Amino acid sequence: MFSRQQQNKTSKKGKSLFGRINSWLHLWMGLTSGLIVFIVSITGCIYVFEKDIRHYTQRYQFVEAQEKPFLPPSQLRQMTAAQVFGNKADSLGKRLANVTYYGSKDKAATVSYADPKKGPALFYVNPYDGKLLHKKYNNSDFFRFVLKGHMYLWLDKEIGKPVISTAVLIFVLLLISGLIMWWPKNLKKANANKSFKIKWKASFKRVNYDLHNVLGFYVLAVALVIALTGLVWGFEWWAKSSYWITSGGKSLPEFKRPFSDTTTLTALYTQPEDRIWQQAQRDHATAAQAGALQIQFPLKQSDPIGLMYNPDDGTHYRRGFRYFDRYTLAELKDGGGLYNIPYDKAPTADKIHRMNYDVHVGAILGWPGKILAFFASLICASLPITGFMVWWGKKKKKTKAALPKKELLKVKEEELVEALSC
C-alpha cells in the first residue's frame, strides 16, 4: 500500500516511477544518438533506390543487343587489361579479379580490379567485342560515399562501424521506450485521437508533438525490422546470436574460399575459367538469362576459380557460390558458407540469414518494399528532429512556469491550453 504522501507525489507527477525512468531514458538516449540516427536514416533512405537510379543515370551500363554470343571471361579479362594497363597488364598488381555477365542482352559486362591507390574499380565492357566503355572507381562514386556514411559515418571502419552500430542499438531501445510512452492509458475516443491522429489545425508545437508521437508509432514495426537487420553487419555477436536462435543452437558458418591442390601445378585444361563459365550457363540457365554469372579468377597458386550465380538481378538472397580447383576443375565443397547450396535447398535459418540484406532495403518485396523502406527511413530521420523540438519546447515551458504571476497572465490562452495538453 502507498502512503498518502506517496500517493500525492505520484498523482502530482502524473507518472509512475517506471514511467518517469522510461521517459528519462528515452530523452537521453535520443539526445546522445539523435544526430547519428538522422545520418544513418537519411543515407539509407537515399541508398534504397541506388540500383534503380543507376539504371537511369549511368547509361554506360548498356550496349546494343546483338544476336551473337558473349566473349568468354578469359578474353574479356585479357582485352580489358590491355586497354586499361597497356604493356604493364601482366605485371604484379595489375591483375583483374573477376568478370560478371548480366542476363539481359543489352547489359554491359563488368570487370573488377582493386587499385592499390584509388581503391576498388569497376570497368564496364561490351561483352560482344570487349571494348572498354567506362572506368568507375568506387571511392569517387556518389553512392559509395552515401554507403560509407551509412555504415561508417565517413570515418575509418574500425572507428565508424562500432559508433554507428551502437547508435542503431540505442535506436532499437528508443523505439521500445517510445512505444511504452505512446501507449494510451485507455482507448476512449479522446485518447485514441491523440495516439493515432495528427491534429493538423493545432499550433506548430502540437503538430510537431503529433508528428513525433503518431508517426513514430506507425513506423515502429518497419523501423525495428530495418534496425535489427542492420545490426547483423554491425556486431558479430548479433549476427551469430540471431543465427544461433533461428537454427536451434548451430554456429554461423564462416564464408571462405577453399584452396586448390598445389601439389599438382600442371593444369589439365587450357582456359579453365571459360570451361566453368560454359558449364555454368547450362547449370544455372535462369541466372544466365535473367540474373548474373560471375567468374572469379585465381590470383595466387592456391586460389580456386570461383563462380557466383544469381537467378534474380533485383535481389541477393538467391545467390550461390561454387569453387573449382584451378588445375583439375574438380568442384570444392568446403567454401561459400551459407551460400554453397541453392537457396531452395537451404535450411530455414540459412534462408533467413541470406535474406537479411534484401529485407533491410525492402527489395524482398520488390518496388512496394523499397517504397515502404524509403518512407520508413525518412520518418526515422525526422524522429530525432521532432523529438528534440518537443524537449526544447518543454524547457521553454518550464521557464514560463517560473515567471511571476503578473507576467504569466500575459501568456495567451491557447498557449496555456497547449501546455496542459502536452
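Only a predicted model underlies this, so the values are computations on that prediction, with no experimental measurement involved.

Some thoughts on the side chain of arginine 54
- Structurally, the position occupied by arginine 54 is in helix 3 (residues 50-57).
- By relative accessible area, arginine 54 is classed as buried at 10%.
- Among the polar contacts made by the side chain of arginine 54, one reaches the side chain of glutamate 50 at a distance of 2.5 Å.
- Among all residues touching arginine 54, those that are not within four sequence positions of it are Gln61, Lys136, Asp141 and Phe143.

Focus on helix 8 (residues 204-218)
- Over its 15 residues, helix 8 runs 21 Å from end to end, which matches the ideal 21 Å to within 8%, given 1.5 Å per residue.
- Within the span of helix 8, buried status applies to Arg206, Val207, Asn208, Asp210, Asn213, Val214 and Gly216.

Remarks on the side chain of aspartate 325
- In this structure, aspartate 325 sits in the loop between strand 7 (320-324) and strand 8 (331-332).
- Despite its burial, aspartate 325 remains without a salt bridge, the nearest opposite charge being carried by arginine 326 at 7.0 Å.
- Among the polar contacts listed, one links the side chain of aspartate 325 to the backbone nitrogen of tyrosine 327, at a separation of 2.7 Å.
- Contacts of aspartate 325, omitting those with residues within four sequence positions, involve Ser260, Asp261, Ala330 and Leu332.

With respect to the confidence of the model for the protein chain
- For the protein chain, per-residue confidence averages 87 on the pLDDT scale, and 86% of positions sit at 70 or higher.
- Residue range residues 416-422 is modelled with pLDDT below 50. Its contacts to residues more than four positions away, or to other chains, number seven contacts.

Here's the deal with the sheet that holds strand 2 (residues 109-115)
- Spatial ordering of the open sheet is given by 4-3-2-1-5-6-7-8, a layout of eight strands whose pairing is antiparallel. Strands with a single pairing partner mark the edges of an open sheet, and in this sheet they are strand 4 (132-137) and strand 8.
- Bridge count for strand 1 (residues 98-102) against strand 2 is three bridges, and the pairing is antiparallel. If you follow asparagine 98 over to strand 2, its bridge partner there is serine 112.

As for the packing of aromatic side chains
- A full pass over the atoms with the stated rule returns 28 aromatic pairs.
- Arranged with centres 5.1 Å apart and planes meeting at 85°, the rings of phenylalanine 255 and phenylalanine 321 form a pair that is edge-to-face. Taken as a pair, phenylalanine 255 in the loop between helix 10 (236-247) and helix 11 (272-283) and phenylalanine 321 in strand 7 lie far apart in primary sequence, 66 residues in all.
- For phenylalanine 321, a relative accessible area of 10% puts it in the buried group.
- Aromatic rings pair up to connect Trp182, Trp183, Phe196, Phe217 and Tyr218 into one cluster.
- Over the ring of phenylalanine 297 we find arginine 77; its NZ or CZ atom is 4.2 Å from the centre of that ring.

Notes on a nonpolar patch on the surface
- On the surface, Leu17, Ile21, Trp24, Leu25, Trp28, Leu31, Phe204, Ile385, Phe388, Met389 and Trp392 cluster together into a nonpolar patch covering about 1,100 Å² of accessible area.
- Elements with a minimum of two residues in the nonpolar patch: helix 2 (17-47) and helix 15 (366-401).
- Residue contributions to the nonpolar patch peak at six residues, all from helix 2.
- Its place among the elements puts leucine 17 in helix 2.
- Accessibility expressed as a relative area gives 55% for leucine 17, which makes it exposed.

Observations regarding the packing of helix 9 (residues 220-234) against helix 10
- Between helix 9 and helix 10, the shortest axis-to-axis distance is 5 Å and the interhelical angle comes to 115°. Here helix 9 contributes Leu228, Leu231, Val232 and Gly234 to the contact with helix 10, which in turn contributes Glu236, Trp238, Ala239 and Ser242.
- In the contact of helix 9 with helix 10, the residues fall into five nonpolar, two polar and one charged.

About the criteria used
- Residues numbered from 1 in each chain as written.
- Predicted model: local features only at pLDDT ≥ 70, side-chain atom pairs only at ≥ 80, totals over all residues.
- Heavy atoms only, no water.
- Helix = DSSP H or I, 4+ residues; strand = E, 2+ residues; numbered from the N terminus.
- Buried < 20%, exposed > 50% of the residue type's maximum accessible area, 1.4 Å probe, protein only.
- Polar contact = N/O pair within 3.5 Å; in protein donor to acceptor, adjacent residues only side chain to side chain.
- Contact = heavy atoms within 4.5 Å.
- Expected span 1.5 Å × (residues − 1).
- Lys, Arg positive; Asp, Glu negative; His and termini not counted.
- Salt bridge = Lys/Arg side-chain N within 4 Å of Asp/Glu carboxyl O.
- pLDDT = per-residue confidence, 0-100.
- Pairing = 2+ DSSP bridges.
- Phe/Tyr/Trp six-rings, centres within 6.5 Å; stacked < 30°, edge-to-face > 60°.
- Lys NZ or Arg CZ within 6 Å of the ring centre and 35° of its normal.
- Patch = residues over 30% accessible without salt bridge, like charges linked within 9 Å, V, L, I, M, F, W, Y side chains within 5 Å.
- Areas by Shrake-Rupley, 256 points an atom, 1.4 Å probe, with all protein chains shown as cover.
- Axes fitted to C-alpha atoms, helices over the stretch in contact; angles between N-to-C directions.
- Nonpolar A, V, L, I, M, F, W, Y, C, P; charged D, E, K, R; others polar.

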